[in-house]
Amino acid sequence: MENLTLKGKVILEGVIELKTGMHIGGTKETLKIGGTDNPVIRDAFGNILIPGSSLKGKIRALLEKKDGKYVKDKGGYLPCNCGNIDCEICLLFGPHDSQNIKEPVRIMVRDAYLQLKDEKKPHDYLEIKPENIIDRIKGTAQHPRFIERVVAGSEFKFEVVFNIYKESDINLIKKFIEGMKLLEDDYLGGSGSRGYGKIKFKNLKLICKPKEYYEGNAEKKKESNIIDGLDDSKIISELENVWKAINFNQ
Ligand SMILES: [Zn+2]
């Protein structure tokens, strides 16, 4: 691995709003009697979340499909494993096999937690949706099952951290934003083809912390204005503006 030094971090934070009900499956061990067949994932305290790995994995898969950077496999496809230093997918997310890493992985995606409003409790944000298969001859419903979903309109707070080593890393952040746009026209979680999991990113903010910030120079931090959403090309100009806080000539 090349001896790169960290020049700073760029943090992208904001809100994921559900446009349709979302299901990211948890385990049935947490299930109470009279519950659903397929509960939504939550943490040990019952808080509902979108795991960082789900968000990162989905965005990675969408970018890989768009750029043809995946490995065909019997069961479907595997993430890119080339590890080339000109592969934006491997630089951002790391090659599938960590033995192929040539440069440090740039991204970290934190778990996104459901935001509770007006003293509501987590269960106020859940609904049980029955699903079944219709018998084509008799017209009767078969195999009914009950799927728990987080209701449309719910909001999750998300945070993505980019570790910056090179001047060209700005293109990796732009690449990730491209993946976020693809996700808005796709879905998060399961049953997307049945209309689940349409999301929208909103109230976005970019925070640039150059290495001098961590060394004690607090005023070196640069924050963007609030960006309404990804449709707005403002996100790229705000990124290019906060990016100026990083000094690459040292
Ligand atoms: Zn690759």
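Residues numbered from 1 in each chain as written. Predicted model: local features only at pLDDT ≥ 70, side-chain atom pairs only at ≥ 80, totals over all residues. Heavy atoms only, no water.

- The name given to the protein chain in an unreviewed UniProt entry is CRISPR system Cms endoribonuclease Csm3, and the organism recorded there is Methanocaldococcus bathoardescens.
- In UniProt, the protein chain has this text filed under Sequence similarities (unreviewed entry): "Belongs to the CRISPR-associated Csm3 family." (UniProt positions renumbered as here; feature names shortened; annotations may be inferred.)

### So, the pairing of strand E10 (residues 199-210)
Logical step 1: Among the 12 residues that make up E10, 10 are buried, leaving the element largely enclosed by the rest of the structure.
Logical step 2: In terms of strand pairing, strand E1 (residues 8-18) meets E10 through 10 bridges, oriented antiparallel. Across the sheet, the residue bridging to Val-10 is Cys-208, located in E10.
Logical step 3: Two elements, E10 and strand E12 (residues 227-229), share 2 bridges in a ladder whose sense is antiparallel. Across the sheet, residue Lys-202 finds its bridge partner in E12, namely Gly-229.
Logical step 4: Two strands pair when backbone bridges link them, and E10 and strand E11 (residues 222-223) are joined in this way by 2 bridges, in the antiparallel orientation. Bridge pairing links Ile-207 to Glu-223 in E11. (Buried < 20%, exposed > 50% of the residue type's maximum accessible area, 1.4 Å probe, protein only. Helix = DSSP H or I, 4+ residues; strand = E, 2+ residues; numbered from the N terminus. Pairing = 2+ DSSP bridges.)

### Details of the coordination of the zinc ion
Logical step 1: For the zinc ion, the full set of protein donor atoms is Cys-80 (SG), Cys-82 (SG), Cys-87 (SG) and Cys-90 (SG), and the range of their distances to it is 2.3 to 2.4 Å.
Logical step 2: What the 4 donor atoms of the zinc ion show is an angle range of 101 to 115° at the metal, which sorts the shape as tetrahedral. (Donors = N, O, S within 2.8 Å, 3.2 Å for Na, K, Ca; no water. Tetrahedral: all angles 85-135°; square planar, octahedral: opposite > 155°, others 65-115°.)

### A word on the environment of Asn-163
Logical step 1: Following the sequence through the fold, Asn-163 ends up in strand E9 (residues 155-164).
Logical step 2: Separated by 47 residues in the primary sequence, Asn-163 and Leu-116 place their C-alpha atoms 30 Å from one another.
Logical step 3: The contacts of Asn-163, once residues within four sequence positions are left out, are Leu-6, Gly-8, Lys-9, Val-105, Arg-106 and Asp-169. (Contact = heavy atoms within 4.5 Å.)

### Regarding the packing of aromatic side chains
Logical step 1: Applying the stated criterion to the full structure yields 6 aromatic pairs.
Logical step 2: Geometrically, the ring pair formed by Tyr-213 and Tyr-214 is edge-to-face, given 5.0 Å between the ring centres and 85° between the ring planes.
Logical step 3: Assessed through its relative accessible area of 43%, Tyr-214 is described here as partly exposed.
Logical step 4: Note on Trp-243 and Phe-248: the rings are 5.6 Å apart at their centroids and 35° apart in plane angle, and the pair reads as tilted. Of the two residues, Trp-243 and Phe-248, neither departs from the other in class, the shared state being buried.
Logical step 5: By way of ring pairs, the aromatic residues Phe-93, Phe-162 and Phe-176 are connected into one cluster.
Logical step 6: The ring of Tyr-187 has Lys-58 sitting right over it, with the charged end atom 3.8 Å from the ring centre.
Logical step 7: For the cation-ring pair, Lys-120 lies above Tyr-125, with the distance from its terminal atom to the ring centre recorded as 5.6 Å. (Phe/Tyr/Trp six-rings, centres within 6.5 Å; stacked < 30°, edge-to-face > 60°. Lys NZ or Arg CZ within 6 Å of the ring centre and 35° of its normal.)

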